[in-house]
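# Coordinate inspection notes
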Amino acid sequence: MSRSDQPQDASGVSRRGFLKGVGAGALAAGAVAPAAAALGAKAGPQAAAAGTVFGPAPVAVALNVNGKVRQLRLEPRVTLLDALRNHLDLTGAKKVCDRATCGACTVLLDGKAVYACTVLAVEANGRAIETVEGLAETHGGAAPIQKCFVANDAQQCGFCTPGFVMACESFKRANPGATREQALDGLGGNLCRCGTYHGVAQAVVDALAGKGGN
Amino acid sequence: MADLAWPDPKDCSLLGTRVPRIDGPDKCAGRAKYTYDINRPRMLWAKFVTCPYGRARVASLDVTPAQQLPGVVAVEVIAGVGSELKTSFQEVACIAAESEEIAREAVRRVKVTFDRLAHNVVDDDVAMAGNQAKPGREQLTDDFAEAIGGAAVVSETEVGCSVLTHCCLESHGSVVEFGEEDGQPVVRAWCSSQAVSGVGGEFAQAAGVPAAQVRVSCQHMGGGFGSKFGADLWGALAARLARQTGRPVKVMLERDMEIALAGSRLSAFGRMRVGVKDDGEIVAWESDAWGTGGVNGGMGAPGLPYVFGNIPNKKVKSTPIFTNTGAQRAWRAPNHPQMCLLTMAALSDAAAELGMDELDFFRKNLGLTSRADVYREELEIAAEMIGWKKKWIPRGDQGDVVRRGVGLALHTWGGGPHNSNVQCTLHPDGAVELRCGTQDLGVGARTTIGIVAAETFGLPLAKVTVLIGENRYPQSDGSGGSTTVGAISTATRHACVQALDKLCAAIAPEMNAAPEQLIAKDGLIRGRESAAGGVPFADACRRLGAQPVVTMGQTQRGNGMSSSQVGGVQMADVEVDCETGIVTVRQMVAVQDCGRIIDLLTTESQVRGAMIMGVCAALYEERIQDPVTGVVLNPDLEFYKLAGIADVGRLDVHMMQTPEHVARGVIGIGEPPAISPMAAIANAVANAIGARVKRCPMTPDRVLAALKT
C-alpha cells in the first residue's frame, strides 16, 4: 500500500519500539535531538549539548496544546499520546495499536500529522500541538471537515474517527486541490474496523470542495 | 387513540430518510467519552503478565521484584505455580500501578518460568490435529449414493478461511470505582459492553456488593461485533483491585491480548462435492468440513449446505478441532460467513464445471432455498447494478496478466427483536426525554430512538433528548444478532404513542375535538385533516399541569411493527494480477431486505461496513499461530492486516423498500450483509483466474499457488 502523506514522526524515526526499547540515555544523540534542544532552553545551556541524559526521573515539559502552554512533569518514556490522554485528559486521540500502524492517535505537530503514540512527549516540548478537540474549538464546535464527517456518516463506533479527522484535515491543508484518488492515497495511514471508508472518502472530497463552511 | 402502527412512509419527515447520527458531532470532535477515555482521580492502571507459549504450566513465579518497584500498588496472581495455561497470552498475573508506564515496567520485572506442554494450534488439517479433532456424526440421506452416482456432473471443491479476530479498535476493558451517590455506597463500572443492562451482576459479584449498588455506564463503545457481552476476567479484575486498593482501577487490554484472547471467529475448511444434472439442477451435496473455535472447539449452526438447505440428497460431516488458541466468540452472524463461503464456492465451481453462467445456475436452483422469490428479485437488481451480463465470461477464457472476474453469494438471517423497555417523559414545558438501557455499538441506537420519538411527536430531532448506555435506565437486552433496532424502535414507538394519547386527551377539550381526531405533526397538535387551529406542541404540553407524563414502552412483535428473516445478495467485481497474485476489488454491490428502515443513512453505513469487513476477510486478515511455539505471531495491527481506505473499491448498496418490504416492520441489519462478501469475492477471483484459491484471505502466495495447479 503506497501512501504519499502518511503521518510521520517529526523526528524521522517512526518506530516506537526503537525509541522506547533503547532507553532514554541512548536516544539523545540522534532521535531525540530536537527535544533536547527544546528542553535545553529551560534546563540551562549545558543540557542542550548532545549526549544529555533525561530521566528516568520526571522532567519538566511544556506542551503547547491547542494554543495553550501546559507545564507538566513527565518521565521521558511517556509518549505524546499518553501525555495528552493520561495527564491532560485530552482523550480525543485514541490508543488502538500503540505502534504507529492505525492512525487513531493522529494529532498535528507543528502543523504536520504525526502518530502521537510514536512521539515522546519530551520531543514535542515547546512545539505546536493541535488535537481533534482544538480543531473543533477553533471552529466554534465543528470544523468544516468535522461537519462533512457528520453529514456523510463517516463514523460508526467512532473510535478511529478523531484520528481520521486529523489526518483528513492535515491532508486538506497540504493538498487543497487534491483529487479523490489522491486523497484516498494520502489517507492510507489510518485504519477503521467498522468500515466507514465510503463516508470518510466522501467527507474529504466534500471538504476539499469547500463544503462544511470555513 | 394515536395509532401504534408505523405511519405511512409518505407521511414521514424523518423515519426512513437519511438522518445524520445524533452523536456524530461529539464523536468527530473527540468529545465522546469511551471506557478507554475515563480518567478518575487517583486512578490506577493495570497490566498483565501473560503466557509466552501455546500451552504451559507455571513452574515458578516471583512477583516480589514487581511489588518492590515504586508506584506499584497491587499485584494479583491469576495463575499460580502449577496452573495450566491453555493459550498464548493467557493471564498469569495482573499488576496495578500509579501509571501505565510503571505497570508495564512492573510486568517486565516479574520472574516467571514455565514448563512447556504439548499444544495444538493446527486447524487446517484434521490428520495433524490428531485426537484434538472430534468428528461429529455424519448425516446421510437415504438416496444420497444413488443421487450422486446418477448425476451428470460431480464437481469437487476444496476451500476454507482462517481464524479472524473481532479486532475492536477500542480493546476490551473496564474502569471500576467504589464511591457514593446521595450518601449511599455505589460501585461505578464503565465497561465497553454490548450488554449494559445485564453486565452489572458480574461486577457486583467481583466487587462483593449487591447488584443494586452497581452503576454500569457505556456511553460510547469502540466496536463489539459480538465479542463484548460480559465483563470478562478483565472487568472482574478491575472490580477486585478497586476493592482491594480503595482506588479506581482501569483495565484495558493492550492490542496483543485483544487479538489473542478477546474474541475470534471460527476457521472453517471443507471438501465439497456437488452433483448436478445437465440442465444445472442440483441433485446431491456432500461435504466434509472442519475448523476451530480455539479452546472451546468449533463448528455448529448453521449447517451445510447454507441457504440451499433443501438440496434433496446429502452427506454432511463436520469435525470441530480443539486448539490452544483464544476462544471464539459470536462474530457478526456466527458461522454464517464461513458456511456461506463453503457453500457458494462449491456451487460456483459446479456451475463452472457445467460451463454455465453462475448467475443462471444460482437462479435455476433458488427453489432449494426458503426465500426463492426474494432472492430472485434481489439477484435481478444486483446483476443490473454490477453489469453482470457484460462482465461475466467463462472461467479460463482469459490469457492476460491482469484478469477480471465476477462472483456472487446469497445469505439469510433472522434479525427479530429482543426485549427492550423504553421510558418516555413528556415534560410540561414540551421537553421530550427517552431513556433506555440499550447501548450503541456504532450502529446508531441513539439516533434510532430519537428518530422514532421525533416522528411520533411531530418534532424536529433536535427537540428530543435520548439517554442510553446506563444500567439505571429501563432494561434492554444485549445487542447481538441484529436484534436491537427492532426492539428499541418499537418500544420507543409504544412509549411515545401512550404519552401522545395522554397529551391529546389533555388538549382535546379546548380544541373542541375528540382526542382520537388529533395528531402530532409539524410541531403542532392538530386535527387529522388540517393544520388550521393546531396548537404548538410545547403549548399543548403546558396543559398537562405541573407533573410530567411518564410512559413505558416495550418491544412490539408482528403486526407490521417488527419481523424477522431476511435474504440478501452480494456480487463482486475483481481484478487479479497473475504475476504478483494481488487481488483488487473494483466494485461490490449489496442488495438487501431488512423490512422497514428507520435511518437510511446509518443503515447504508452498516451495510457498507459489513462489505468492507468481507473484503478484509477475503483478502487481508487472519490470525496466524506458530506451530512450533504455539503463539500468535501477529498480535498487532501491522501484521494483522485490515483493509485501508484505498483497498475497498466501489461499494453500492440497494435496500429493498417496496411497500411489501416496508409492511413487514423493522428487522435488524447488523449481521446479514456481513455474510456474503467473502464468498462473493472468492467466487469472483475463481471466475477471473479459472482456479479456486483454497483459502481466505486470498493472499498473493495463495493466489499464485492456485494458478500453478
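Residues numbered from 1 in each chain as written. Chains lettered and ligands numbered in written order. Predicted model: local features only at pLDDT ≥ 70, side-chain atom pairs only at ≥ 80, totals over all residues.

### Here we look at the overall build of chain A
Operational definition: Numbering goes from the N terminus for both helices and strands, where a helix is a DSSP run of H or I of at least four residues and a strand is a run of E of at least two. Once C-beta atoms are placed from the backbone, each residue is buried if 20 or more other C-beta atoms lie within 10 Å of its own, exposed if 12 or fewer, and partly exposed for counts between those two. Each residue gets a C-beta atom placed from its backbone, and two residues are in contact if those atoms lie within 7 Å.
Secondary structure summary: chain A contains 9 helices and 5 strands in total. Seen in sequence order, chain A has helices and strands lined up from the N terminus as α-α-α-β-β-α-β-β-β-α-α-α-α-α. Across the 214 residues that make up chain A, the buried fraction comes to 58%. Counting contacts in chain A only where the partners sit at least 6 residues apart, residues at least 24 apart contribute 63% of the total.

### A closer look at the overall build of chain B
Helix and strand counts for chain B stand at 19 helices and 29 strands. Reported as C-alpha extents along the three principal axes, the dimensions of chain B are approximately 80 × 70 × 45 Å. Taking all 709 residues of chain B together, 60% fall into the buried category. When contacts within chain B are restricted to residue pairs at least 6 apart in sequence, those whose partners lie at least 24 apart make up 80%.

### Quick word on the sheet that holds strand β7 (residues 139–140) of chain B
Strand pairing within a sheet occurs via backbone hydrogen bonds; the two strands may be parallel or antiparallel. All names here are of chain B. The line we're drawing: Should DSSP find at least two bridges between two strands, the strands are regarded as paired.
Overall, mixed pairing links the 6 strands, which are arranged β7-β17-β16-β15-β8-β29 in an open sheet. In this open sheet, the two strands that pair with only one neighbour each are β7 and β29 (695–696). The pairing of strand β15 (residues 268–276) with strand β16 (residues 282–292) spans 8 bridges and is antiparallel. If you follow Phe269 over to β16, its bridge partner there is Trp290.

### Quick look at unusual backbone geometry
Most peptide bonds are trans, and most residues other than glycine sit at a negative phi. Here the amide bond leading from A:Gly55 into A:Pro56 is cis, since omega sits at 10°, within 30 degrees of zero. Considering the arrangement of structural elements, one finds A:Pro56 in the loop between α3 (33–43) and β1 (59–65). A cis amide bond links B:Cys696 with the next residue in sequence, B:Pro697, at an omega value of 0°. As for its placement among the helices and strands, B:Pro697 is situated in the loop between β29 and α19 (700–708). Even without glycine at this site, B:Ala333 takes up a positive phi of about 65°. Structurally, B:Ala333 is set in the loop between β17 (313–321) and α9 (336–354). Taking the number of C-beta atoms within 10 Å as the measure of exposure, B:Ala333 has 28 and is therefore buried. At B:Gln565, a position not held by glycine, the phi torsion is positive, near 80°. Its 16 C-beta neighbours within 10 Å are what place B:Gln565 among the partly exposed residues.

### Notes on the nonpolar core
Under the convention used in this document: We define a nonpolar core as a collection of buried residues of the types Ala, Val, Leu, Ile, Met, Phe, Trp, Tyr and Cys that are connected via C-beta atoms lying within 7 Å of each other.
B:Ala46, B:Ile95, B:Phe203, B:Ala682 and B:Val685 are the most contacted members of the largest nonpolar core, which has 295 residues in total. For this core, the element with the most residues is helix α14 (residues 484–507) of chain B, which contributes 12 residues.

### Some thoughts on the interface of chain B and chain A
Every contact between the two is made by 47 residues of chain B and, on the other side, 51 residues of chain A. Within the residue set of the side of chain B that touches chain A, elements represented by two or more residues are α1 (24–28), α3 (100–109) and α16 (600–619) of chain B. The element best represented in the side of chain B that touches chain A is α16(B), accounting for 9 residues.

### So, the confidence of the model for chain B
The condition that has to hold: Summary of the metric used: pLDDT quantifies the predictor's per-residue confidence within the range 0 to 100.
Residue-level pLDDT values for chain B average 97, and 100% of them are 70 or greater. Interface predicted TM-score (ipTM) for the complex: 0.96; the corresponding pTM is 0.94.

### Here's the deal with the packing of helix α13 (residues 445–457) of chain B against α14(B)
Residues and elements named next belong to chain B. Convention followed: Every axis corresponds to a line fitted to the C-alpha atoms, with the helix fit spanning only the stretch in contact, and the corresponding angles, defined between N-to-C directions, vary from 0 to 180 degrees. Note that the term roughly parallel is reserved for angles under 35 degrees, roughly antiparallel for angles over 145, roughly perpendicular for angles of 65 to 115, and oblique for everything else. Each crossing gets its hand from how the near helix is turned against the far one by less than a right angle, where anticlockwise is left-handed and clockwise is right-handed. Residues were grouped as follows: Ala, Val, Leu, Ile, Met, Phe, Trp, Tyr, Cys and Pro as nonpolar; Asp, Glu, Lys and Arg as charged; and all remaining residues, including Gly, as polar.
It is at 9 Å that the axes of α13 and α14 come closest, and there the two elements cross at 30°. Comparing the axis directions of α13 and α14 gives the class roughly parallel. Like other packed secondary-structure pairs, α13 and α14 cross with a definite hand, here right-handed. Across the interface between the two elements, Ala445, Thr448, Ile449, Val452, Ala453, Thr456 and Phe457 from α13 touch Thr484, Val485, Ile488, Ser489, Thr492, Arg493, Cys496, Val497 and Leu500 from α14. Grouping the constituent residues of the contact of α13 with α14 by class yields 10 nonpolar, 5 polar and 1 charged.

### Brief notes about the domain arrangement of chain B
Residue and element names in this part refer to chain B. Definition in use: Here the bounds of each domain stem from an automatic or database domain assignment.
Splitting chain B by domain gives domain 1 (37–116), domain 2 (167–261), domain 3 (335–414 + 563–708) and domain 4 (417–554). The straight-line distance from the C-alpha centre of domain 1 to that of domain 2 is 19 Å. If you look at the interface, domain 1 gives 19 residues, while domain 2 gives 19 residues. At the level of elements, β1 (44–50), β3 (72–77) and β5 (91–97) are the ones that each hand at least two residues to the side of domain 1 that touches domain 2. At 5 residues, the largest contribution of residues to the side of domain 1 that touches domain 2 is made by β1. Here the residues of the side of domain 1 that touches domain 2 are counted per class, giving 11 nonpolar, 4 polar and 4 charged.

### Focus on the sheet that holds strand β23 (residues 524–527) of chain B
All names here are of chain B. Here 3 strands make up an open sheet; going across it, the order is β22-β23-β24 and the pairing antiparallel. What marks the edges here is a single partner per strand, and that holds for β22 (518–521) and β24 (535–536). Across the face of the sheet, α14 comes into contact with β22, β23 and β24 while running at roughly 65° to β23.

### Some details on the domain arrangement of chain A
Residue and element names in this part refer to chain A. Under the domain assignment used here, chain A contains domain 1 (16–134) and domain 2 (136–208). Listed by partner, the interface residues are 17 residues for domain 1 and 14 residues for domain 2. Only β3 (106–109), β4 (112–115) and α5 (132–137) provide two or more residues apiece to the side of domain 1 that touches domain 2. Class assignment for the residues of the side of domain 1 that touches domain 2 results in 9 nonpolar, 5 polar and 3 charged.

### Here's the deal with the packing of helix α7 (residues 161–174) of chain A against helix α9 (residues 197–208) of chain A
Residue and element names in this part refer to chain A. In contact at an axis separation of 10 Å, α7 and α9 are set at 35° when each is read in the N-to-C sense. In the packing of α7 onto α9, the handedness of the crossing is right-handed. On α9, the residues that touch Phe164, Cys168, Phe171 and Lys172 of α7 are Val200, Ala203, Val204, Ala207 and Leu208. Its residues placed into classes, the contact of α7 with α9 shows 8 nonpolar, no polar and 1 charged.

### Quick notes on the environment of B:Leu354
Tracing the chain through its elements places B:Leu354 in helix α9. Among residues more than four places away in sequence, those in contact with B:Leu354 are B:Val153, B:Val276 and B:Gly280.

### Digging into helix α7 (residues 232–245) of chain B
We count it as follows: Any helix carries an expected span of 1.5 Å times its number of residues minus one.
For α7(B), built from 14 residues, the straight-helix expectation of 20 Å at 1.5 Å per residue is met to within 8% by its first-to-last C-alpha distance of 20 Å. All of the buried residues in α7(B) are B:Asp232, B:Trp234, B:Gly235, B:Leu237, B:Ala238, B:Ala239, B:Arg240, B:Leu241 and B:Ala242.

### Structural notes on the environment of B:His494
All names here are of chain B. The topology assignment puts His494 in helix α14. Taking the C-alpha atoms as reference, His494 lies 9.5 Å from Gln423; in sequence the two are 71 residues apart. In contact with His494, other than residues within four places in its own chain, are Leu4, Gly553, Gln554 and Gln556.

### Here we look at the pairing of β17(B)
Residues and elements named next belong to chain B. Sheet topology places β7 next to β17; 2 bridges connect them, and they run antiparallel. Its bridge partner being in β17, Gln139 is matched across the sheet by Val316. In this structure, β16 lies alongside β17, joined through 9 bridges in parallel fashion. The residue bridging Glu286 from the neighbouring strand is Lys315, located in β17.

### Points about α9(B)
With 19 residues, α9(B) should reach 27 Å at 1.5 Å per residue; the first-to-last C-alpha distance of 27 Å fits that figure. Positioned one or two residues after α9(B), B:Gly355 has a phi angle of 75°, which is positive.

### Focus on the pairing of strand β2 (residues 68–74) of chain A
All names here are of chain A. Where β1 meets β2, 7 bridges bridge the pair, whose relative direction is antiparallel. Directly across from Ala60, in β2, lies its bridge partner Arg73. Counting the residues that bridge the hairpin from β1 to β2 gives 2 residues, and of these Asn66 lies at a positive phi of roughly 50°.

### Overview of the environment of B:Ala56
Residues and elements named next belong to chain B. Assignment of secondary structure puts Ala56 in strand β2 (residues 56–62). Sequence-wise, Ala56 and Pro677 are 621 residues apart; in three dimensions their C-alpha atoms are separated by 38 Å. Dropping the residues within four chain positions of it, Ala56 is found in contact with Cys51, Leu85, Phe114, Asp115, Arg116 and Leu117.

### Description of the confidence of the model for chain A
Caution is warranted with low-pLDDT regions, since their predicted coordinates should not be read in detail. Chain-level pLDDT for chain A is 83 on average; 76% of the residues reach the 70-or-more range. Low pLDDT, under 50, characterises residues 1–49 of chain A; the stretch is placed with 89 contacts to residues that sit more than four places away or in other chains.

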